[in-house]
Amino acid sequence: MSFTLSAAKGVDFVDREDILKEMHATLTDPKINVGYALYGKRRVGKSSILLELQRRLKKNKKVVVVYISVWDLVENTLEEFSLKLADLVVEEYRPLLGISHKLSNLKKVPGTMVHKILSEMKIGVSLTEEIEFFIMHYQERKTSSHELLDAAFTLAEKFAKKTKTKCILFIDEFPSITEVKVNGSHAGEAIIRKIRSIQEQQKNTVICLSGSLRHTMNLTVFTSTSAFYRQLKPLKINLLEDKYIRQIITKELGRERITEDALNTISNFTHGMPFYAQALGLELKRYHDKITEREVKEGINTFLENTGNILFNNELKQLAPKERLIVVTLSTKDFTSYSEIQDDLSGEISNIGTFLKSLEEKAVVEKSKGGEYTIADPIFKEWVKRRYGD
């Protein structure tokens, strides 16, 4: 096992066995055509669950898993998402269909040669035409974004039917799909309904989604008016139990090297979030002797000053100016109620409620049943407090 700041899988993966077993059993059952919607706090391990499940499902010849993360988009357009999805579908199905060339290589082939090369692969006229459609778009850029999206999902469905497999599409960070651009504007909520209308016509393709943005996940799956209501099974991904946070640390560093006080400090800092356990583990690897509470505190400071500055500064910049003011207030002062926040910022923000709601929808702020507001990520809060506190 080694510490990682990317999604953990294989020997780096810890816990979640009940979730993995349930999803594995459902997704490999040919009689069940239901997917999942994973939701929970940021950095709680949703991506790791999807990638670990993809790794395990590769052993099953009756299913093919295609993983795509909306956060991996560079241009952040619907066209880019659709083309990337098509690329990944072709890549995952290449071994089953005997496709000898990657789609990325076929893009470079002169138009007059594309049909000949695809015909020689003996994958059938229908699939030849589907692949050729994307290659022609790469070369001529004449297809609309919505047609490309339709074609990408159709490609997965046709490949699955041809190979008598179930195609499982893992779409990570799905809520951000509403932010992709179509003709220069955000796709908005309509893109969720569009994907639902495409997918409901398919018999061989199943979708599994993940996301932390409450508003978009509500639009997607939770309420009776949601696009995927009763089509996807919601699964909440909770914080890791303390014993699993300790396991992440001790599996790599060795239990004998770490004092009990050090482990307690690690647990208190991470708040059950595996990402922070991995990140702190990376900082602690540089110590070769006994790791005590002092070394852990040094590691926390180094993480917040280095990785934290990059990670959290970027997240803060993505918020609107007035949202940032609220985040700083909640992080640096003991205010938790609406009235306290409003009184503190009354000279700078008149409509506090609008921005608090927006921060809730972005999963930056949480509101308790008692009406108290808190920063959802306590480590993010600590970084803001250190940077902007008195």
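Please refer to the structure placed before this passage.
In this text, all values refer to a predicted model and were calculated from it rather than measured experimentally. (Residues numbered from 1 in each chain as written. Predicted model: local features only at pLDDT ≥ 70, side-chain atom pairs only at ≥ 80, totals over all residues. Heavy atoms only, no water.)

**Student:** How should I be thinking about the overall build of the protein in this particular structure?
**Tutor:** The helix and strand tally for the protein stands at 18 helices and nine strands. In terms of C-alpha radius of gyration, the protein reaches 23 Å, essentially the compact-globule figure of 21 Å for 390 residues. Referenced to the eigenvectors of the C-alpha coordinate spread, the extents of the protein come out at roughly 70 × 55 × 40 Å. Within the span of the protein, comprising 390 residues, buried residues form 50% of the whole. Considering only contacts within the protein whose residues lie at least 6 apart along the sequence, 70% involve residues at least 24 apart. Summed over its atoms, the accessible surface of the protein is roughly 18700 Å², and 49% of this surface lies on carbon and sulfur atoms. (Helix = DSSP H or I, 4+ residues; strand = E, 2+ residues; numbered from the N terminus. Rg over C-alpha atoms; globule rule 2.2 N^0.38 Å. Buried < 20%, exposed > 50% of the residue type's maximum accessible area, 1.4 Å probe, protein only. Contact = heavy atoms within 4.5 Å. Areas by Shrake-Rupley, 256 points an atom, 1.4 Å probe, with all protein chains shown as cover.)

**Student:** What exactly am I supposed to notice about the pairing of strand E2 (residues 63-69) here?
**Tutor:** Side chains on a regular strand alternate between the two faces of the sheet. The buried count for E2 comes to seven of seven residues, which makes it a mostly enclosed element. Across the two faces of E2 the burial is the same, with Val-63, Val-65, Tyr-67 and Ser-69 and Val-64, Val-66 and Ile-68 all buried. Pairing analysis gives seven bridges linking E2 to strand E3 (residues 166-172), with the strands arranged parallel. Counted as the bridge partner of Val-65 is Ile-168 from E3. (Pairing = 2+ DSSP bridges.)

**Student:** How should helix H3 (residues 78-97) be read in this particular structure?
**Tutor:** Structural remark: α-helix, 3.6 residues per turn; residues separated by three or four positions point the same way. End to end, H3 covers 27 Å across 20 residues, agreeing with the expected 28 Å (1.5 Å per residue, within 8%). At Glu-91, H3 shows its strongest bend, of approximately 30 degrees, with the proline Pro-95 following within four residues. Just past H3, the residue Gly-98 takes up positive phi, approximately 70 degrees. (Expected span 1.5 Å × (residues − 1). Bend = angle between axes of the 7 residues up to and from the residue.)

**Student:** Sorry, what's going on with the nonpolar core here?
**Tutor:** As a rule of thumb, nonpolar side chains are buried together in soluble globular proteins. Phe-81, Leu-85, Ile-131, Phe-153, Phe-159, Ile-171 and Ile-177 are the most contacted members of the largest nonpolar core, which has 57 residues in total. Among the nonpolar cores identified, the runner-up in size contains 47 residues, and Tyr-276, Ala-277, Leu-330 and Ile-341 belong to it. (Core = buried A, V, L, I, M, F, W, Y, C linked by side-chain atoms within 4.5 Å.)

**Student:** It is not clear to me how the packing of helix H12 (residues 274-284) against helix H13 (residues 293-305) should be interpreted in this structure. Could you clarify?
**Tutor:** A pair of packed helices is characterised by two quantities: the angle between their axes and the separation of those axes. The interhelical angle for the contact between H12 and H13, taken along N-to-C directions, is 110 degrees, at an axis separation of 9 Å. It follows from the interaxial angle that H12 and H13 lie roughly perpendicular. Along its contact with H12, which presents Phe-275, Tyr-276, Ala-279, Leu-280, Glu-283 and Leu-284, the element H13 presents Glu-295, Val-296, Gly-299, Ile-300, Thr-302 and Phe-303. Considering only residue class, the contact of H12 with H13 consists of eight nonpolar, two polar and two charged. (Axes fitted to C-alpha atoms, helices over the stretch in contact; angles between N-to-C directions. Parallel < 35°, antiparallel > 145°, perpendicular 65-115°, else oblique. Nonpolar A, V, L, I, M, F, W, Y, C, P; charged D, E, K, R; others polar.)

**Student:** Sorry if this is basic, but what is going on with the side chain of Ser-226 here?
**Tutor:** Counting through the fold element by element, Ser-226 comes out in the loop between helix H9 (214-222) and strand E7 (232-236). Since its relative accessible area comes to 7%, Ser-226 is described here as buried. One polar contact links the side chain of Ser-226 to the main-chain amide nitrogen of Phe-222, over a distance of 3.3 Å. Within polar-contact distance, the side chain of Ser-226 engages the backbone nitrogen of Thr-223 at 2.9 Å. Setting aside its immediate chain neighbours within four residues, Ser-226 contacts Asn-218, Leu-219, Thr-220 and Val-221. (Polar contact = N/O pair within 3.5 Å; in protein donor to acceptor, adjacent residues only side chain to side chain.)

**Student:** How do you make sense of the packing of aromatic side chains when you look at a structure like this?
**Tutor:** Aromatic ring pairs: the centre-centre distance and the angle between the two ring planes describe each pair. Inspection of every chain in the model, using the stated rule, returns eleven aromatic pairs. Consider the rings of Phe-312 and Phe-380, whose centres lie 5.4 Å apart with planes at 50 degrees: the pair is tilted. With Phe-312 in helix H14 (residues 307-317) and Phe-380 in helix H18 (residues 378-388), this pair connects stretches of sequence that are 68 residues apart. Across the pair, exposure class does not vary: Phe-312 and Phe-380 are buried alike. (Phe/Tyr/Trp six-rings, centres within 6.5 Å; stacked < 30°, edge-to-face > 60°.)

**Student:** So what exactly am I meant to see when it comes to the environment of Asp-29 here?
**Tutor:** If you trace the backbone, Asp-29 turns up in the loop between helix H1 (17-27) and strand E1 (35-39). Judged by its relative accessible area of 26%, Asp-29 is partly exposed. Along the primary structure Asp-29 and Gln-202 are separated by 173 residues, whereas in three dimensions their C-alpha atoms are 16 Å apart.

**Student:** Is there a simple way to think about the environment of Thr-28 in this case?
**Tutor:** Structurally, Thr-28 can be placed in the loop between H1 and E1. Separated by 48 residues in sequence, Thr-28 and Asn-76 place their C-alpha atoms 32 Å apart. Setting aside residues no more than four positions away along its own chain, Thr-28 makes contact with Leu-57, Asn-60 and Val-63. For Thr-28, the side chain forms a polar contact with the main-chain oxygen of His-24, separated by 2.6 Å. Here Ala-25 takes part through its backbone oxygen, which lies 3.4 Å from a polar atom of the side chain of Thr-28.

**Student:** What should I look at first to understand the sheet that holds E2 in this one?
**Tutor:** To summarise the sheet geometry, strands pair through backbone hydrogen bonds and adopt either a parallel or an antiparallel arrangement. Pairing is parallel in the open sheet, where five strands are placed in the order E2-E3-E6-E1-E7. This sheet does not close on itself; its edge strands, each paired only once, are E2 and E7. Geometrically, the sheet is characterised by an average inter-axis angle of 15 degrees between neighbouring strands, direction not taken into account. Summarising the sheet, E1 and E7 pair through five bridges and their orientation is parallel. Directly across from Tyr-36, in E7, lies its bridge partner Lys-233.

**Student:** Can you walk me through the pattern of salt bridges in this structure?
**Tutor:** Once the charged atoms of two side chains with opposite charge are near each other, the side chains can pair. In the structure shown here, the tally under the stated rule is 23 salt bridges. Note that Lys-297 and Glu-293 form a salt bridge whose closest N and O atoms lie 3.5 Å from each other. In this pair, Lys-297 and Glu-293 both sit in helix H13, four residues apart, roughly one turn of the helix. Residue classification places Glu-293 among the partly exposed residues on the basis of a relative accessible area of 30%. (Salt bridge = Lys/Arg side-chain N within 4 Å of Asp/Glu carboxyl O.)

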